[in-house]
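# What the coordinates show
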Amino acid sequence: MAEVNGSEVLVLVELNPADGTVRKGTLEALTAARALGEVSAVVAGGPGVAAGAREQLAEYGAAKVYAAESPEIDEYLVAPKAEVLAQLVAQVSPAAVVIPSSPEGREVAGRLALKTGSGFLTDVTEIAPDGTATQVIFAGAQIVHSKVTVGTPIYTLRGNSVTPEPAPAAGETVPVEVALSEKAKLTRVVDKVVEQKSNRPELTEASIVVSGGRGVASAENFALIEALADSLGGAVGASRAAVDSGFYPHSFQVGQTGKTVSPQLYIAVGISGAIQHRAGMQTSKTIVAVNKDPEAPIFELADFGVVGDLFQVTPKATELIRARRG
Amino acid sequence: MNIVVLVKQVPDSGTQRSLDPSDNTVARAAADNVINEIDEYAIEEALQVKEAQGGEVTILTVGPASATDAIRKALSMGADRAVHVQDDAIHGSCAIQTSGVLAAALQQLEYDLVLMGATSTDGQVAVMPALLAERLGIPQLSGAQKLTVEGSTVKVERQTDGGFWALEAPLPAIVSTWDTINEPRYPSFKGIMAAKKKPVETKSLADLGVDPSSVGLATATSAVVDVTGRPPKGEGVKVTDEGDGAEKLVGFLAEQKLV
Ligand SMILES: Cc1cc2nc3c(=O)[nH]c(=O)nc-3n(C[C@H](O)[C@H](O)[C@H](O)COP(=O)(O)OP(=O)(O)OC[C@H]3O[C@@H](n4cnc5c(N)ncnc54)[C@H](O)[C@@H]3O)c2cc1C
Ligand SMILES: Nc1ncnc2c1ncn2[C@@H]1O[C@H](COP(=O)(O)O)[C@@H](O)[C@H]1O
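It should be emphasised that the depicted structure is a prediction, and the values quoted were computed from it without experimental measurement.

Quick notes on the rules
- Residues numbered from 1 in each chain as written.
- Chains lettered and ligands numbered in written order.
- Predicted model: local features only at pLDDT ≥ 70, side-chain atom pairs only at ≥ 80, totals over all residues.
- Heavy atoms only, no water.
- Helix = DSSP H or I, 4+ residues; strand = E, 2+ residues; numbered from the N terminus.
- Buried < 20%, exposed > 50% of the residue type's maximum accessible area, 1.4 Å probe, protein only.
- Contact = heavy atoms within 4.5 Å.
- Areas by Shrake-Rupley, 256 points an atom, 1.4 Å probe, with all protein chains shown as cover.
- Rg over C-alpha atoms; globule rule 2.2 N^0.38 Å.
- Lys, Arg positive; Asp, Glu negative; His and termini not counted.
- Charge placed at Lys NZ, Arg CZ, Asp CG, Glu CD.
- Buried area = accessible area lost by both parts, 1.4 Å probe.
- Salt bridge = Lys/Arg side-chain N within 4 Å of Asp/Glu carboxyl O.
- Polar contact = N/O pair within 3.5 Å; in protein donor to acceptor, adjacent residues only side chain to side chain.
- Nonpolar A, V, L, I, M, F, W, Y, C, P; charged D, E, K, R; others polar.
- Near = heavy atom within 4 Å.
- Core = buried A, V, L, I, M, F, W, Y, C linked by side-chain atoms within 4.5 Å.
- Axes fitted to C-alpha atoms, helices over the stretch in contact; angles between N-to-C directions.
- Left-handed = near helix turned anticlockwise from the far one by under 90°.
- Pairing = 2+ DSSP bridges.
- Domains from an automatic or database assignment.
- pLDDT = per-residue confidence, 0-100.

So, about the overall build of chain B. Scanning chain B from terminus to terminus reveals seven helices and 13 strands. Along the longest, intermediate and shortest principal axes, the C-alpha atoms of chain B span 65 × 45 × 40 Å. Evaluated residue by residue, chain B yields a buried proportion of 53% over its 259 residues. Within chain B, contacts between residues at least 6 apart in sequence are counted, and of these 72% link residues at least 24 apart. Carbon and sulfur atoms provide 51% of the accessible area of chain B, an area that totals close to 11000 Å².

Spelled out as structure tokens, the structure:
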């Protein structure tokens, strides 16, 4: 395959810890990166991880799959991946680097920017062929177009901003020698503890999210939210008031100090729609709200709102959806 | 144990915020400015470590003159002293440039631990801990829901989806905190009075030995091309439940092919 000089775009791969498959955010990044050139996927992880991901990466457009494998990569926090990417940037002078916008992804992007003397843009929702990126700021109030002005542009892509589209490519495996510096080995990851196992899709990846707020009134009542989410195959979220009241764990909080979600459908149940909550959900494609207060600000952004008691509306809606789905 | 806490002043996230149309930087002058809320958790954590182990808590802020309000709040919670880096040249700096100023200021301080918020509400970049760790060559333990210091080792539970990662590193180190880590104290009357007498040192870029041309809008590593208000959403449908709210809701979802 002919290679245009400088048109290679590196995409850092994130894998699902459970089964080693490629995460949806990475498929989105591969799709978005194609606007900028020929895509190469970078898999950095323990021995053997790249092989399991190669086929899927090729299907989504990776001409090359750089395999940077060493047990040390997962043993230390963030820094090893930034070092591997910096080494590759020096080797192949890519047109850009695209990274899924997870907490780790943003941190890798920042460190990589310093290592390579580049600028970076976080949480972009779109990248144009000329490198201009779109960002939504201030709780969704404004749209900004920005450009990196020095070095190799580095972007982190907000989840669910782009629809992953297959574009089969060669997916040629290229082994990368990993030689980490001492500075990359300062923060040891001693243990990875999973506290809640769930069969629901992950909040930031889900195409449907059902969130409950203070109006849900208790932890037990969150079963109503979970049932509605399950009837739709969606994820469960919560407002900060619901989290602070102990109704649902913090890792499900949507908003400024929680997760940013951008699903096809967001259903807010018993949530008033404070600006800090909107910050995490305002870019959802379709927004539905159930609230007994007709003046609740959430209705300002709802495509469909039901003014009513959530304890009446939610269980009935769940039944109807179940019935439709058979 | 010497602890430096990084505190940022931000426009109140509960109000209408905007970019200054003249240069597309965050409009701070007209805004209602407050301490970045998560930074209060970092301050609280620093005070708890100090109370357990002794030492001194220094607040470090890079920001305009008005940021003294945030500094006073931190001091009235119980921090001992503050360093305020203030220089007109810094206006419009990107995260990378700001990290350079913060790192230079940190290099003039003695610290075992640098504490900071996990994210700021204006930029929401959540990348400052990584940038500073990279610049200073010290460990990064970001996103903490729990912190323990044992001798010269720092241990952190880094909050993740559905759980946490247990992290460990030698001091000196950088730790960023989430709002799950503690419950920040309210400043007492005594604390507020005492804060007025605590030392606040103002430093310029020259004091830090930072080249003014390395900061500010002109040399920022990214540039805003244009800003537009988000197109207002078309008026949505609002129905009042009269026993049929659920039917109508599901009808809407079906119409949109969402179910
Ligand atoms: C710095 C900062 C960061 C923040 N970050 C976040 C964040 O990340 N995420 C977040 O969500 N918030 C955040 N907040 C808090 C935010 O300002 C709001 O306080 C919070 O979102 C309110 O949650 P809520 O809508 O569930 O509760 P409320 O505002 O109390 O609203 C509850 C709603 O439920 C309705 N209701 C009650 N009972 C029923 C019923 N039976 N049926 C139907 N409706 C009912 C009420 O009419 C009301 O509208 C932050 C605040 C600050 C200052
Ligand atoms: N100008 C600044 N002065 C002091 N601390 C800062 C500044 N900018 C960011 N920080 C710290 O870095 C944290 C994360 O910010 P950010 O990476 O911008 O989201 C904040 O919570 C602060 O503790």
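Right, let's talk about the overall build of chain A for a bit. Helix and strand content of chain A: 10 helices and 16 strands. Taking 326 residues into account, the globule formula puts the C-alpha radius of gyration at 20 Å, and chain A, at 21 Å, falls close to it. Taking the principal axes of the C-alpha coordinates as reference, chain A spans close to 60 × 40 × 40 Å. Buried positions account for 58% of the 326 residues belonging to chain A. Counting only contacts in chain A whose residues sit at least 6 apart along the sequence, the fraction spanning at least 24 positions is 66%. Summed over its atoms, the accessible surface of chain A is roughly 12200 Å², and 50% of this surface lies on carbon and sulfur atoms. Across chain A, the mean location of the 27 positive side-chain charges is 4 Å away from that of the 36 negative side-chain charges.

Let us look at the interface of chain B and chain A. At the junction of the two partners, chain B supplies 77 residues and chain A supplies 84 residues. Surface buried jointly by chain B and chain A totals about 6800 Å² across both partners, of which 59% is contributed by carbon and sulfur atoms. The interface formed by chain B and chain A holds six salt bridges in total. Glu-134 of chain B is the partner of Lys-115 of chain A in a salt bridge, and the nearest nitrogen-oxygen pair spans 3.0 Å. The tally of links between chain B and chain A comes to 30 residue pairs in polar contact (both at pLDDT 80 or more). The biggest single contributor to the side of chain B that touches chain A is helix H7 (residues 245–255) of chain B, with nine residues. Each residue belonging to the side of chain B that touches chain A can be placed in one class, and the counts come to 38 nonpolar, 23 polar and 16 charged.

Residues and elements named next belong to chain B. The immediate surroundings of ligand 2 are formed by 18 residues, with Leu-6, Asp-39, Val-62, Ser-120 and Ala-126 found nearest. In this structure, a nitrogen atom belonging to ligand 2 sits 2.8 Å away from a main-chain N or O atom of Val-62. Within the backbone of Ser-120, a nitrogen or oxygen atom sits 2.8 Å from an oxygen atom of ligand 2. Of all the secondary structure elements, the ones that give two or more residues to the shell around ligand 2 are strand E4 (56–62), helix H3 (95–107) and strand E6 (113–117).

Moving on to the side chain of Ser-239 of chain A. All names here are of chain A. Mapped onto the fold, Ser-239 is located in the loop between strand E13 (235–238) and helix H7 (240–244). Residue classification places Ser-239 among the buried residues on the basis of a relative accessible area of 8%. In this structure Ser-239 touches Gly-212, Gly-213, Arg-214, Gln-253, Ile-271 and His-277, once residues within four positions along its chain are discounted.

Once that is clear, we can look at the nonpolar core. Within the largest apolar cluster, 92 residues are counted, with the highest numbers of intra-cluster contacts made by Val-5 and Val-154 of chain B. With seven residues, the single largest contributor to this core is H3 of chain B. In contact with Val-154 of chain B, other than residues within four places in its own chain, are Leu-113, Leu-141, Leu-147, Thr-148, Leu-167, Glu-168, Ala-169, Leu-171, Ala-173 and Val-175 of chain B. Among the nonpolar cores identified, the runner-up in size contains 51 residues, and Leu-301, Val-306 and Val-313 of chain A together with Val-250 of chain B belong to it.

Okay, the packing of helix H5 (residues 103–116) of chain A against helix H4 (residues 128–136) of chain B next. Remark: H5 of chain A packs on H4 of chain B, axes separated minimally by 8 Å, with the N-to-C direction vectors making an angle of 35°. As H5 of chain A runs across H4 of chain B, the sense of the crossing is right-handed. From H5 of chain A, Glu-107, Gly-110, Arg-111, Leu-114 and Lys-115 of chain A reach across to H4 of chain B, where they touch Ala-130, Leu-131, Ala-133, Glu-134 and Arg-135 of chain B. Tallied by class, the residues present in the contact of H5 of chain A with H4 of chain B amount to four nonpolar, one polar and five charged.

Turning next to the site of ligand 1. Among the 26 residues in the neighbourhood of ligand 1, the closest are listed as Arg-214, Ser-239, Ser-272, Gln-276 and Asn-291 of chain A. Chains contributing residues near ligand 1 are chains A and B. The side chain of His-277 of chain A places a nitrogen or oxygen atom 2.8 Å from an oxygen atom of ligand 1. A distance of 3.1 Å separates a nitrogen atom of ligand 1 from a polar backbone atom of Lys-292 of chain A. For the shell around ligand 1, the secondary-structure elements that each account for two or more residues are H7, helix H8 (275–278) and helix H10 (310–325) of chain A. Class assignment for the residues of the shell around ligand 1 results in six nonpolar, 14 polar and six charged.

Sheets are built from strands that pair by backbone hydrogen bonding, the pairs being arranged parallel or antiparallel. Ordered by their spatial adjacency, four strands build an open sheet running E6(A)-E7(A)-E8(A)-E12(B), and the pairing between neighbours is antiparallel. Edge positions in the sheet fall to strand E6 (126–127) of chain A together with strand E12 (222–229) of chain B, since each of these pairs with one other strand and no more. Direction of pairing for strand E7 (residues 133–137) of chain A relative to strand E8 (residues 142–148) of chain A: antiparallel, over a ladder of five bridges. If you follow Thr-134 of chain A over to E8 of chain A, its bridge partner there is His-145 of chain A.

Residues and elements named next belong to chain A. We note that the domain assignment places domain 1 (8–184) and domain 2 (208–325) within chain A. Summarising the inter-unit geometry, the C-alpha centres of domain 1 and domain 2 are found 32 Å apart. Residue-level contacts link six residues of domain 1 with nine residues of domain 2. Of the roughly 570 Å² buried at the junction of domain 1 and domain 2 (both faces included), carbon and sulfur atoms supply 55%. The interface formed by domain 1 and domain 2 contains two residue pairs in polar contact (both at pLDDT 80 or more). Among the residues making up the side of domain 1 that touches domain 2, the classes are represented as two nonpolar, three polar and one charged.

On to the confidence of the model for chain A, then. Per-residue confidence for chain A averages 94 on the pLDDT scale, and 98% of its residues sit at or above 70. Within the model, the stretch residues 1–5 of chain A combines pLDDT values under 50 with five contacts to residues more than four positions away or in other chains.

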